[in-house]
Protein chains: 2
Amino acid sequence: MTRRAPRQADIAALAGVSQATVSVVLGGNQGGVRMSEDTRLRVLAAAEKLGYVPDPVATRLASRRNHMLGLYTFKATFPTDVADSYYPILVGVEEQAAALGQDLILFTGADGRGERTHDEAAIRRTKIADGCLFFGRHVPVASIEKLVETGFPLVYIGRRDELEGRIPFVGADYVSASAAVVDRLVSLGHRNVRYVRENDDAPSSTDRERGVVEAAARAGVECRVVRDEAPVDEWRRDGVTAVVVEETDTHAAYRAVRAAVDGTDLSFAVLGRPPEGGTDVTGFEVPRREMGRRAVELLVELITGDPGDLHQLLPCTPVPGTTVKDVR
Amino acid sequence: MTRRAPRQADIAALAGVSQATVSVVLGGNQGGVRMSEDTRLRVLAAAEKLGYVPDPVATRLASRRNHMLGLYTFKATFPTDVADSYYPILVGVEEQAAALGQDLILFTGADGRGERTHDEAAIRRTKIADGCLFFGRHVPVASIEKLVETGFPLVYIGRRDELEGRIPFVGADYVSASAAVVDRLVSLGHRNVRYVRENDDAPSSTDRERGVVEAAARAGVECRVVRDEAPVDEWRRDGVTAVVVEETDTHAAYRAVRAAVDGTDLSFAVLGRPPEGGTDVTGFEVPRREMGRRAVELLVELITGDPGDLHQLLPCTPVPGTTVKDVR
DNA sequence: CCCCAGCACTAATACGTATTAGCACCTTGA
DNA sequence: TCAAGGTGCTAATACGTATTAGTGCTGGGG
């Protein structure tokens, strides 16, 4: 039953011109080819009448532009467990893509039978789009390198330092934001702090640690780093007055520490936002939506050829909260 | 810098065969073309040596399908306000798309400058995919009809009865689920019920009303339908013992009624799930994730040519809850 | 010695669009 | 009248792979 979708050749036949003419007219005549107004209108009318829609695959094969941006996530794009942290980014991505007239291709990472693979073929499929956003805590370096080497435009959401800075990214400035949290503690008189981080070496984790450690060092304040455990009584014996905890998608460290600290007189801050929401816990807000927007912006710049800064770190907004006490 | 990616022609040259041979060998020889083991190995070796990876764009142009499913939403795909009700559907869609090896195109509805239009051109663009899912409370009938008429595969998420049943859909059986809620009230002795519904004539609203009204009629129970207001004292004077409220994305009716009923001895049920979550409120669970999955399944069936049932209604899961009292 | 049946492979073409060189025609000015 | 220049359009080709009809070759049977 399916009538074939109309193509330029059909329009050409209807309007009594050649396929090339149709392409020129519909393409907005970028090539500077002369065309009479009369012909132009005839072609447009025919296209309208047939309900023509350009084939994006053919467009891309012929010209390497189809106004589609890829979105490759290393987990499901719509994850079930960490919805709260992914979602705002996606909102930003969609927002900006719409604003710039780009559609989005979600690569499901499926190569036919179910299993989600992130092998080279899967990643290379992103080339169907004009460019692609990548989003995930880790990087399959080899595959990404091949993409980068072919000059394919891509932007990571989140800071990356693999491939000696050849990966463009839009991330959050966790270093400064984390340092600011420590600075605040220091200004309120805390001289002995524990930092609980998770067992992950993604940049978002290491950046936070760096911010905390450097700020503590600058202030001459003691700050020991521990992982994923909360012997609160011991800490208090050691003279600790404040606990800072990393916040990741899993919330693992956060929950453990929060539970242990609750009801004590320890000050408490989180490097991000607590999963339960609210503004009472001291920390900072990651500008996820803005990250999504800027990533799209940068990607489109890469595609069109004059990118701004290839490595962007957006500032996080401090959340004062009420869980840090003045101990001066 | 960009060295050209190797193509089949390069392999062919290296192996001393034709491009067609390369295609046949690398394509796993689906067409039943005979090929000597020797040649096969030579080609594979050459491909390996050059690091060949097929160009997905060309692949998709040459074969008729592009293995992309469209997803057209009448609001932003990633809405900021109704995340909870949209999201599970998207999860299901992505899940099943991945399982069936399909990528997803999100139509941002952008025609250049920001504003989201749903004119014919916007909807027509969905044809760049092999088929498209539509998702929204209302239908731009004229535009959709044109699509349907060309035989373009599409599936609505949510029941639709426009175009005399020519629109395939996967929806939820709100009629039965709503009736079941009333049946439960009746079985607990309620003989006078108020139904508060919202001011919307989308199928999801009218179906709920129908279920409620019919169930009440069958049981010979009084059930008056009101819109969006909650004069609780008046109801109680009239002998009402239970209130049923529709639940939509806006939560408007729900919130009003819930607040008014709270603290009274009126029983209370919702035709869906309350926005605050939990399982204490009597109602039912809409199988959103499953709807997403099945919609994808049906769409792919339409594309490949042997669709099952074009109109599917999925059962909702009853949630007993504790807000309905036994008044026998 | 010829014919036919496989065998191993390839030429040709399709897919739908973009791009570019250039053709045929017209106008203008000398 | 002719060259120069302009106008409006098209032929040809590229993009990289899939598909199919067919071609040349070999060997075996008659």
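Residues numbered from 1 in each chain as written. Chains lettered and ligands numbered in written order. Predicted model: local features only at pLDDT ≥ 70, side-chain atom pairs only at ≥ 80, totals over all residues. Heavy atoms only, no water.

J.: Can you explain the sheet that holds strand β9 (residues 267-271) of chain B? Please cite residues and give values.
T.: Residue and element names in this part refer to chain B. Taking strand neighbours across the sheet as the criterion, the four strands line up as β7-β6-β8-β9 in an open arrangement whose pairing is parallel. Both edges of this open sheet fall to β7 (222-227) and β9, since each of them pairs with a single strand only. On average, each strand axis in the sheet is tilted by 20° relative to the strand beside it, whichever way the strands run. As paired elements, strand β6 (residues 192-197) and strand β8 (residues 242-246) share four bridges and run parallel to each other. The partner of Val 196 across the bridge, within β8, is Val 245. Each of β6, β7, β8 and β9 is contacted by helix α9 (residues 203-219), which is oriented at about 175° to β6, the strand it contacts most. (Pairing = 2+ DSSP bridges. Helix = DSSP H or I, 4+ residues; strand = E, 2+ residues; numbered from the N terminus. Axes fitted to C-alpha atoms, helices over the stretch in contact; angles between N-to-C directions. Contact = heavy atoms within 4.5 Å.)

J.: Break down helix α1 (residues 8-15) of chain A for me, citing the residues and quoting the values.
T.: Along an α-helix, a turn takes 3.6 residues, which lines up residues three or four apart on a common side. All names here are of chain A. Within α1 the residues assigned to the buried category are Gln 8, Ile 11, Ala 12 and Ala 15. Seen end-on, α1 carries its buried residues on one side only, within an arc spanning 100°. Where α1 is buried, its residues meet α2 (19-26) and α3 (37-50). Following α1 by one or two positions, Gly 16 adopts a phi angle in the positive range, close to 70°. (Buried < 20%, exposed > 50% of the residue type's maximum accessible area, 1.4 Å probe, protein only. Arc of directions from axis to C-beta.)

J.: Kindly report on the protein's contact with DNA strand D, identifying the contributing residues and their values.
T.: Near DNA strand D lie 24 residues; those nearest to it are A:Thr21, A:Ser36, A:Thr39, B:Arg7 and B:Tyr52. Considering DNA strand D, the proportion of its atoms within 4 Å of the protein that are sugar or phosphate atoms stands at 61%. Between DNA strand D and B:Arg7 there is a distance of 2.8 Å, counted from a phosphate oxygen to a side-chain nitrogen or oxygen. At 2.9 Å from a phosphate oxygen of DNA strand D is found a main-chain nitrogen or oxygen belonging to B:Gln8. Where the surface near DNA strand D is concerned, the elements lending two or more residues are α2 and α4 (56-63) of chain A together with α2 (19-26) and α4 (56-62) of chain B. (Near = heavy atom within 4 Å. Polar contact = N/O pair within 3.5 Å; in protein donor to acceptor, adjacent residues only side chain to side chain.)

J.: Talk me through the pattern of salt bridges; I want residue IDs and the actual numbers.
T.: Enumeration according to the criterion identifies 42 salt bridges over all chains in this entry. For A:Arg166, the salt bridge is made with A:Glu164, and the minimal N-O distance between the two is 3.8 Å. The class of A:Glu164 is exposed, set by a relative accessible area of 68%. Two residues, B:Glu290 and B:Arg293, come together in a salt bridge whose shortest N-O distance is 2.3 Å. Of the two residues, B:Glu290 and B:Arg293 are both situated in helix α12 (residues 288-304); the distance of three residues between them amounts to about one turn of the helix. (Salt bridge = Lys/Arg side-chain N within 4 Å of Asp/Glu carboxyl O.)

J.: Could you give an account of the environment of A:Asp207, naming the residues involved and the relevant values?
T.: Residue and element names in this part refer to chain A. Structurally, the position occupied by Asp 207 is in helix α9 (residues 203-219). The sequence separation of Asp 207 and Asp 183 amounts to 24 residues, and the corresponding C-alpha distance is 16 Å. Setting aside its immediate chain neighbours within four residues, Asp 207 contacts Arg 159, Tyr 174 and Val 175.

J.: Which residues make up unusual backbone geometry, and what values do they have?
T.: All names here are of chain A. Even without being a glycine, Leu 163 presents a positive backbone phi close to 55°. Topologically, Leu 163 is positioned in the loop between β4 (154-157) and β5 (169-172). Non-glycine residue Glu 164 carries a positive phi angle of around 45°. For Glu 164, the position within the fold is in the loop between β4 and β5.

J.: Give me the pairing of β7(B): which residues, what numbers.
T.: On a regular strand, each side chain points to the face opposite its neighbour's, so the side chains alternate between the two faces of the sheet. Residue and element names in this part refer to chain B. Relative to β7, β6 runs parallel, the two sharing six bridges. Paired with Arg 197 across the strands is Arg 227, a residue of β7. As for the winding sense of the linkage, the β-α-β connection from β6 through α9 to β7 is right-handed. (Right-handed = clockwise from strand over helix to strand, strands pointing away.)

J.: Could you give an account of the protein's contact with DNA strand C, with specific residues and numbers?
T.: Around DNA strand C, the surrounding shell holds 26 residues, and the nearest of these are A:Arg7, A:Tyr52, B:Thr21, B:Ser36 and B:Thr39. Per the 4 Å cut-off to the protein, sugar and phosphate atoms form 69% of the nearby atoms of DNA strand C. Between DNA strand C and A:Arg7, the relevant distance is 2.9 Å, taken from a phosphate oxygen to a side-chain nitrogen or oxygen of the residue. Take B:Ser36: an N or O atom from its main chain is 2.6 Å from a phosphate oxygen of DNA strand C. Among the secondary structure elements, those contributing two or more residues to the surface near DNA strand C are α2 and α4 of chain A together with α2 and α4 of chain B. It is α4(A) that contributes the most residues to the surface near DNA strand C, four residues altogether. Along the lines of polarity and charge, the residues of the surface near DNA strand C split into twelve nonpolar, nine polar and five charged. (Nonpolar A, V, L, I, M, F, W, Y, C, P; charged D, E, K, R; others polar.)

J.: Could you give an account of the nonpolar core, with specific residues and numbers?
T.: In terms of nonpolar packing, the biggest core is built from 91 residues, with A:Leu133 and B:Leu133 touching the most fellow members. Not counting residues within four places of it along the chain, the set of residues in contact with B:Leu133 comprises B:Gly70, B:Leu71, B:Tyr72, B:Val93, B:Val155, B:Ile157, B:Ala295, B:Val296 and B:Leu299. Listed in part, the 45 residues of the second largest apolar core include A:Ile105, B:Met68, B:Val148 and B:Phe152. (Core = buried A, V, L, I, M, F, W, Y, C linked by side-chain atoms within 4.5 Å.)

J.: Could you give me a rundown of the packing of α1(A) against α2(A), with the residues and numbers involved?
T.: All names here are of chain A. Two elements in contact, α1 and α2, have axes separated by 8 Å at closest approach and are oriented at 105°. In terms of orientation, α1 and α2 fall into the roughly perpendicular class. On α2, the residues touching Gln 8, Ala 9, Ile 11 and Ala 12 of α1 are Gln 19, Val 22, Ser 23 and Leu 26. Classifying every residue of the contact of α1 with α2 by side-chain character gives five nonpolar, three polar and no charged. (Parallel < 35°, antiparallel > 145°, perpendicular 65-115°, else oblique.)

J.: Any details on a nonpolar patch on the surface? Residues and values, ideally.
T.: Residues and elements named next belong to chain A. There is a patch of nonpolar side chains on the surface, built from Leu 26, Leu 41 and Leu 44 and spanning about 220 Å² of accessible area. By secondary structure assignment, the location of Leu 41 is in helix α3. With a relative accessible area of 46%, Leu 41 lands in the partly exposed category. (Patch = residues over 30% accessible without salt bridge, like charges linked within 9 Å, V, L, I, M, F, W, Y side chains within 5 Å. Areas by Shrake-Rupley, 256 points an atom, 1.4 Å probe, with all protein chains shown as cover.)

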